[in-house]
Amino acid sequence: MRFRIPVVFLLCSFALLRPAAVALSAPEWAPVADGIEYQQFTLPGPNQAYVARMDRTREDRIVDSLLAQGNLYEGTEAVSGMARRYDGSVVPWAGSWNTLGRVAVAINGIFYDPETGIPETGMIQSGWYIKRFDDLGGGSGFAWKSDGSAFVGGCAYHEPERQFVRFLNRDRTMEIAGINVEQSHDGLVVYTPQFDANTHTSDGGVEVLVEMLRPAGISPAPQMALGTIRGIRDGWGSTPIPFDHLVLSARGEAGRRLLENSGIGDQVGISQQITHLETDCQTAAEWDWSQTFASIGGSFNFLKESEIQSFDDNLGAVQRNPRTVVCFNNEFIYFVVVDGRQPGYSIGMTTDELGRFCLETLDAEWGINQDGGGSSTMWVNGKVVNRPSDGQERLVANGLAMVALEPLDRSTVFHPGDPVLTMAPAAVRLGPGDHYAVVATVPQDASGVVLPHLNGLNGVFAKGVYWWRVKFEGAQGWVSQDDIFDGAGWAGSLKTVHDKLLRIWDDG
């Protein structure tokens with residue numbers, strides 16, 4: 001009898017010391033979409049871990065980054081809002097705008113400036129390089145490439161001579177001084193569609209609008225992302241940026257050179273390169289950033305080649321907190337959110353405990369931490385599945401999504417050159433979808449003409465309706481098929497036709 005109490009005591013103590021990687025319950029993976037699954041783990045602590053995994057062998061399943069409000073200029077947004085904004089939109093996968101993206105899972109991203117809502121580190125979205133990583137700033141975060149490979153980036157460096165615009169018709173080159181930053185007297189700035197609806201520049205500079213065949217991302221020379229000059233604005237400022245265009249912008253001497261190098265219809269090539277070094281910013285790193293499709297920053301790279309990394313001197317790593325992480329192996333990409341700061345339900349994890357969970361339970365080989373605390377959120381098929389420690393979703397700057405790609409559907413009701421009339425006051429947008437900014441509203445019975453589109457997206461189905469690129473007097477952009485008709489036979493939904501018939505009836 002005297003031996004039973006110590007034995008029971010030891011067994012109870014051992015149970016309390018069990019590593020976070022050991023699950024108290026083992027539910028099965030539930031399908032979210034083909035090739036994407038979800039599972040909630042109940043772990044010692046107690047801890048609740050919410051995990052989604054994506055099969056890396058599926059070519060129609062990708063990772064993309066999400067951006068609050070769809071641009072860098074407008075601040076923060078909840079993960080659920082970012083996911084819904086992206087869901088059902090046209091995605092430029094495999095080099096052109098040729099697929100529709102359905103968001104299956106989304107998580108929050110990295111830290112941001114609380115005053116501006118802009119992510120603290122660099123970012124690549126849908127193949128566009130939209131915010132440069134800091135030169136020689138240490139780690140650069142999780143990256144997903146167009147060939148389906150993934151890596152955790154080290155130190156990034158932008159050699160100035162390897163960031164340039166080539167004006168092909170005139171055999172001239174200008175270095176790119178910055179991306180989505182303030183217009184400069186000292187060099188050429190590139191504004192992508194993720195900056196905002198327009199460049200927000202004052203008059204006095206030169207801006208050149210370029211329609212792109214594919215997004216301008218990391219394409220080291222001699223590779224280039226090609227485009228065609230569609231507009232030249234000298235002294236106007238605030239140039240609108242359609243979804244598949246970019247703007248070249250400069251002032252002073254750089255502006256004069258830009259104007260001299262540009263002509264309507266001329267071809268340009270955009271070439272950018274990231275020199276990749278280890279986090280010591282000296283040793284050459286293995287992975288090449290070329291053709292990276294999506295990337296956001298990260299903090300603690302807690303798992304490297306199946307080795308858990310120690311961060312004993314950093315309280316942010318050794319304290320138990322709510323966590324959001326990305327970990328992966330050759331088979332799966334994992335999104336992991338761990339709730340915390342909720343005694344009796346979930347207390348959170350240290351980076352060491354995260355490492356053991358990703359390594360021992362998920363069999364991951366690499367792992368990187370994102371923003372945690374009240375920001376930690378996982379959205380699965382239309383709803384938030386975890387319990388954010390703030391009691392509700394926190395507004396954040398960016399995120400990551402697992403996306404199911406679908407073939408594009410197109411309407412053949414109109415063709416380039418067809419005249420159209422508006423059924424009612426109609427919004428003209430910067431892209432095919434109601435998530436793009438409105439550049440103008442044209443009145444009922446406004447006449448327009450369907451324009452050709454470089455990437456052949458006229459009539460594309462996105463965000464629940466078909467879209468056409470139309471030119472009206474004083475405005476051009478993307479219009480819902482439900483808002484226009486051809487004068488001989490009406491196009492659009494049954495509701496559109498019904499409304500038109502009612503107008504005729506009311507007019508006698």
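Everything that follows concerns the structure shown earlier in this document.
Quick caveat: nothing in here was measured; it's all calculated off a predicted structure.

S.K.: What's the story with a nonpolar patch on the surface in this structure? I'm lost.
M.R.: A cluster of nonpolar residues, Leu168, Leu213, Leu226 and Leu454, forms a patch on the protein surface that exposes about 290 Å² of accessible area. You can see leucine 226 is positioned in strand β16 (residues 225-234). Here leucine 226 falls in the partly exposed class, since its relative accessible area comes to 35%.

S.K.: So what exactly am I meant to see when it comes to the packing of aromatic side chains here?
M.R.: Enumeration over the complete set of coordinates arrives at 18 aromatic pairs. When the centroid spacing of 5.4 Å and the interplanar angle of 80° are considered together, the rings of phenylalanine 41 and phenylalanine 357 count as edge-to-face. Of this pair, phenylalanine 41 sits in strand β2 (residues 36-43) while phenylalanine 357 sits in helix α5 (residues 351-361); the two residues are 316 residues apart in sequence, bridging distant segments of the chain. Each member of the pair, phenylalanine 41 as well as phenylalanine 357, carries the same accessibility label: buried. When the centroid spacing of 5.0 Å and the interplanar angle of 85° are considered together, the rings of phenylalanine 151 and tryptophan 289 count as edge-to-face. One end of the pair, phenylalanine 151, is in strand β10 (residues 150-153); the other, tryptophan 289, is in the loop between β19 (275-277) and β20 (292-296), with 138 residues separating them in the sequence. With respect to burial, phenylalanine 151 and tryptophan 289 carry one shared label: buried. The structure contains a cluster of three or more aromatic residues connected by ring pairs, namely Trp97, Trp128, Phe243, Tyr436 and Trp478. It is arginine 53 that lies over the ring of phenylalanine 332; its NZ or CZ is 4.4 Å from the centre. The ring of tyrosine 345 is capped by arginine 387, whose NZ or CZ atom sits 3.8 Å from the centre of that ring.

S.K.: I tried to follow the environment of leucine 258 on my own but got confused; where do I start?
M.R.: Mapped onto the elements, leucine 258 comes out in helix α3 (residues 252-261). The spatial distance from the C-alpha of leucine 258 to the C-alpha of valine 470 is 29 Å, given a sequence separation of 212 residues. With residues up to four places along the chain from it excluded, the contact list for leucine 258 reads Phe167, Met174, Leu188, Val206, Val208, Leu248, Ser249 and Ala250.

S.K.: In this structure, what is going on with the sheet that holds strand β14 (residues 188-191)? I would like to understand it.
M.R.: Whenever strands of a sheet pair, they do so through backbone hydrogen bonds, lying parallel or antiparallel. An order of β12-β13-β14-β17-β15-β16-β18 is seen for the 7 strands of this closed barrel, with the pairing classed as mixed. Strand-to-strand, the axes of this sheet are offset by a mean angle of 35°, without reference to chain direction. Across 4 bridges, the pairing between β16 and strand β18 (residues 267-271) is antiparallel. Within the sheet, the bridge partner assigned to glycine 227 lies in β18 and is valine 268. The strands touched by α3 are β12 (164-167), β13 (172-179), β14, β15 (206-212), β16 and β17 (245-250); relative to β13, the strand with the most contacts, the crossing angle is about 130°.

S.K.: Explanation requested: α3 in the structure shown.
M.R.: Helical geometry note: an α-helix holds 3.6 residues per turn, so side chains three or four residues apart project in the same direction. Of the positions making up α3, those classed as buried are Ala254, Gly255, Leu258 and Asn261. Buried residues along α3 cover an arc of 130° about the axis, so they all sit on one side. Tucked inside the fold, the buried residues of α3 contact β12, β13, β14, β15 and β17.

S.K.: Help me understand the environment of leucine 362, please; the structure alone is not making it clear to me.
M.R.: Here leucine 362 lies in the loop between α5 and β25 (366-369). Counting along the chain gives 33 residues from leucine 362 to asparagine 329, while the straight-line C-alpha distance between them is 9.0 Å. If we skip the residues at most four places from it in the chain, leucine 362 touches Trp29, Phe41, Val51, Cys327, Asn329, Tyr334, Val336 and Phe357.

S.K.: What am I meant to see in the pattern of salt bridges here?
M.R.: Pairing of side chains with opposite charge becomes possible as their charged atoms draw close. Enumeration over the complete set of coordinates arrives at 15 salt bridges. Glutamate 77 is the partner of arginine 85 in a salt bridge, and the nearest nitrogen-oxygen pair spans 2.8 Å. Judged by relative accessible area, which is 22%, arginine 85 ranks as partly exposed. The shortest N-O distance in the salt bridge between glutamate 211 and arginine 230 comes to 2.7 Å. Of this pair, glutamate 211 sits in strand β15 while arginine 230 sits in strand β16, and the two are 19 residues apart along the sequence. Several salt bridges converge on common partners, so that one network encompasses Arg172, Glu253, Arg256 and Glu260.

What counts and how
- Residues numbered from 1 in each chain as written.
- Predicted model: local features only at pLDDT ≥ 70, side-chain atom pairs only at ≥ 80, totals over all residues.
- Heavy atoms only, no water.
- Patch = residues over 30% accessible without salt bridge, like charges linked within 9 Å, V, L, I, M, F, W, Y side chains within 5 Å.
- Areas by Shrake-Rupley, 256 points an atom, 1.4 Å probe, with all protein chains shown as cover.
- Salt bridge = Lys/Arg side-chain N within 4 Å of Asp/Glu carboxyl O.
- Helix = DSSP H or I, 4+ residues; strand = E, 2+ residues; numbered from the N terminus.
- Buried < 20%, exposed > 50% of the residue type's maximum accessible area, 1.4 Å probe, protein only.
- Phe/Tyr/Trp six-rings, centres within 6.5 Å; stacked < 30°, edge-to-face > 60°.
- Lys NZ or Arg CZ within 6 Å of the ring centre and 35° of its normal.
- Contact = heavy atoms within 4.5 Å.
- Pairing = 2+ DSSP bridges.
- Axes fitted to C-alpha atoms, helices over the stretch in contact; angles between N-to-C directions.
- Arc of directions from axis to C-beta.

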